[in-house]
Amino acid sequence: MSVEGTIERARALVDAPLDRALEPWRLANPEGKVVGWFPVYSPLELAHAGGILPVGVMGGGNQIEIAHADSRFQSFVCSIVKSTLELGLTGRLKALDGMVFHSICDPAKNLASVVRRNFPELWVEFVHFPQNLTSPLAEDYLVAEYRRILDRLTDLTGRRVGDEDLRRSLAAYNASRARIRRLYEIRRESPQLLSATESYLLVRAGILMPPEEHAALLDEALDGLSGRDVKPKDRIRVVIEGSFCEQPPLELLQSIEEAGCDILDDDLLLGVRWFLRDVPIDGDPLRALARSYIDGSVHSSVKHDLRRTKAQPLLDKARGGRAHAVVVLAAKFCEPALFDYALYRKALDEAGIPHVFLEFEEKMWIFDKVRTEVETFVESMLFD
Ligand code: SF4
């Protein structure tokens, strides 16, 4: 199949309502459980090892009208929190047996409690990530936390998970993430061959299917890409930062690209690509997973690592990708992203890396203003 065909298959899955997207897996696994994971970082391996399908639940995008969820939250809260609750209040989370949240920020923590209270039939859990990664106890703590989640998942399925089950799952997710890393390498090396929008669809499809199927889909895409022959265009190379949790509308990414940017790297969909390298599959699997979070996971504004400054990973990403500029693309009312922007701005200025700040909401419909703003930014770089 051509790479365009594979991307269209991914798009159909991403655009489908959750119950329809999960239908093939449900039919093949009538007794199986499906657990939704809120962004950002999720130990998907724990669920997969127990025969559960872990799926990413990333709000309602621009396909849902917020009619009920507003009454459960304060006004100045990001859109993903409200639209995720709206999914539940309109019956769309019925496709799931459970949901897992993380300690990433106050709205996400509140959402976990609100979901638990409003949907008592849903199995709800919460992963507490260590806040101090310099502590020698952080690893032991996270191993214990993963073991607790694993036990709770066993309550859901009645199936006890052994180390071999976990190792198989580590290997399956390693394989899928290795292919995602290859997609990003292609974008950095030859951005004309694969747009960020196309790569986004291919990666996002992975939040709705087992890693084995995702690896096969990505193999098909990589195979198709090897036949693409597109000449490079006169564009600026940018890195996107700030969209680690709520996801910008696809049309917004497209507008940034159409305005003259090659998006070489980004922090979108971190849940399926949060490890920088493979998780070791020898030794204790829970310890390997915990150590990988502490020493080998991708930075975001909701991961607190006192061993380096907040802006350093962004500077490394920009320099490593030979980016000309950074686009800080932050969700409206996302405190972690907005707090970090102050630090990014200072560090980027000091490093002489041009940057532009854009704010988005899931339910954006008009992109002309953003496009003009980015076009002006691109022209100022190309012609100054
Ligand atoms: S978008 Fe920001 S504020 Fe909202 S849940 Fe995610 S991290 Fe928290």
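Analysis parameters
Residues numbered from 1 in each chain as written. Predicted model: local features only at pLDDT ≥ 70, side-chain atom pairs only at ≥ 80, totals over all residues. Heavy atoms only, no water. Helix = DSSP H or I, 4+ residues; strand = E, 2+ residues; numbered from the N terminus. Buried < 20%, exposed > 50% of the residue type's maximum accessible area, 1.4 Å probe, protein only. Contact = heavy atoms within 4.5 Å. Areas by Shrake-Rupley, 256 points an atom, 1.4 Å probe, with all protein chains shown as cover. Lys, Arg positive; Asp, Glu negative; His and termini not counted. Charge placed at Lys NZ, Arg CZ, Asp CG, Glu CD. Pairing = 2+ DSSP bridges. Axes fitted to C-alpha atoms, helices over the stretch in contact; angles between N-to-C directions. 1 Å grid on protein atoms, 1.4 Å probe; cavity = no way out; pocket = protein on both sides within 12 Å on 5 of 7 lines; lining within 4 Å. Points joined across faces, edges and corners; volume = space filled by probe spheres on them. Nonpolar A, V, L, I, M, F, W, Y, C, P; charged D, E, K, R; others polar. Arc of directions from axis to C-beta. Salt bridge = Lys/Arg side-chain N within 4 Å of Asp/Glu carboxyl O. Core = buried A, V, L, I, M, F, W, Y, C linked by side-chain atoms within 4.5 Å.

K.L.:
It is not clear to me how the overall build of the chain should be interpreted in this structure. Could you clarify?
P.N.:
Secondary structure summary: the chain contains 14 helices and eight strands in total. Going through the 384 residues of the chain one by one, you find that 59% of them count as buried. For the chain, long-range pairs separated by at least 24 residues make up 73% of all intrachain contacts whose partners lie at least 6 apart in sequence. For the chain, the exposed area adds up to about 16500 Å²; of that, 51% sits on carbon and sulfur atoms. Within the chain, the 59 negative side-chain charges are centred at a point lying 3 Å from the centre of the 48 positive side-chain charges.

K.L.:
Is there a simple way to explain the sheet that holds strand 4 (residues 123–127) in this structure?
P.N.:
Adjacent strands of a sheet form backbone hydrogen bonds with each other and so pair up, either parallel or antiparallel. Read across the sheet, four strands follow the order 2-1-3-4 without closing on themselves; strand pairing throughout is parallel. Looking at strand neighbours, the two that pair on one side only are strand 2 (53–56) and strand 4, the edges of this open sheet. Across the sheet, the axes of successive neighbouring strands diverge by a mean angle of 25°, strand direction being ignored. As judged from the four bridges shared by strand 1 (residues 34–37) and strand 2, these two strands associate in the parallel manner. Note that in strand 2 the partner of G36 across the bridge is V55. Sheet strands in contact with helix 5 (residues 106–118) are strand 3 (98–102) and strand 4, and its direction is about 160° off that of strand 4.

K.L.:
How should the layout of surface pockets be read in this particular structure?
P.N.:
Taken as a whole, the largest pocket spans an internal volume of roughly 790 Å³. Lining the largest pocket are 34 residues, with V14, G60, G61, Q63 and R204 sitting closest to its centre. Residues belonging to the lining of the largest pocket are distributed by class as follows: 17 nonpolar, nine polar and eight charged. R188, D265, L276, V298 and K317 are the residues nearest the centre of the second largest pocket, which is lined by 26 residues in total. When contributions to the lining of the second largest pocket are tallied by element, the ones reaching two or more residues are helix 7 (163–189), helix 11 (285–296) and helix 12 (312–320).

K.L.:
Can you walk me through helix 2 (residues 18–28) in this structure?
P.N.:
Owing to its 3.6 residues per turn, the α-helix brings residues three or four apart onto one side. Where helix 2 is concerned, the buried positions are L18, A21, L22 and W25. One side of helix 2 carries all its buried residues, which in axial view fall inside an arc of 85°. Summarising the geometry of helix 2, the exposed residues directed more than 90 degrees from the buried face are R20, P24 and L27. Among the structural elements, helix 1 (3–15), strand 1 and strand 2 are those in contact with the buried residues of helix 2.

K.L.:
Is there a simple way to think about the pattern of salt bridges in this case?
P.N.:
Oppositely charged side chains may form a pair once their charged atoms are brought near each other. Applying the stated criterion to the full structure yields 37 salt bridges. Ionic pairing is found between E45 and R177, a salt bridge with its closest N-O pair at 3.1 Å. In this pair, E45 is assigned in helix 3 (residues 44–49) and R177 in helix 7, connecting sequence segments 132 residues apart. Both residues of the pair, E45 and R177, belong to the buried class. Note that R287 and E139 form a salt bridge whose closest N and O atoms lie 2.8 Å from each other. Of this pair, R287 sits in helix 11 while E139 is found in helix 6 (residues 138–157), placing the two residues 148 residues apart along the sequence. With a relative accessible area of 26%, R287 lands in the partly exposed category. Three or more residues joined by partner-sharing salt bridges are found here, namely E125, E145, R148, R152 and D155.

K.L.:
Can you help me understand the nonpolar core in this one?
P.N.:
For soluble globular proteins, nonpolar side chains are generally found buried alongside one another. The biggest cluster of nonpolar side chains holds 130 residues, and the ones touching the most others in it are F38, L96 and Y146. Among the elements that line this core, the one with the most residues is helix 6, at eight residues. Apart from residues no more than four positions distant in its own chain, Y146 is found in contact with P43, L46, V127, F129, W274, L286, L289, A290 and Y293.

K.L.:
Would you mind going over the environment of R277 with me for this structure?
P.N.:
Relative to the elements of secondary structure, R277 occurs in the loop between strand 6 (261–265) and helix 11. A relative accessible area of 48% places R277 in the partly exposed class. When the C-alpha atoms of R277 and S297 are compared, they prove to be 8.1 Å apart, with 20 residues separating the residues in sequence. Ignoring any residue separated from it by four or fewer positions in sequence, one finds R277 in contact with R181, D295 and G296.

K.L.:
Is there a simple way to explain the sheet that holds strand 6 in this structure?
P.N.:
Strands sit in the order 6-5-7-8 across an open sheet of four strands; the sheet is parallel. Of all strands in the sheet, those bounded by a partner on one side alone are strand 6 and strand 8 (355–360). Each strand of the sheet is rotated relative to its neighbour by a mean of 35°, with strand direction disregarded. Against the sheet, helix 7 engages strand 5 (236–241) and strand 6, with an angle of about 140° to strand 6. Running over the sheet, helix 12 touches strand 5, strand 6 and strand 7 (325–331) and is turned about 155° from strand 5.

K.L.:
So what exactly am I meant to see when it comes to the pairing of strand 7 here?
P.N.:
The buried fraction of strand 7 amounts to seven of the seven residues, a majority that puts the element mostly inside the structure. Taking every second residue as pointing to the same face, both faces of strand 7 are buried, with A325, V327, L329 and A331 on one and V326, V328 and A330 on the other. In this structure, strand 7 lies alongside strand 8, joined through six bridges in parallel fashion. Among the inter-strand pairings, V326 is bridged to a residue of strand 8, identified as H355.

Note that all results are geometric; they support no functional claim without further evidence.
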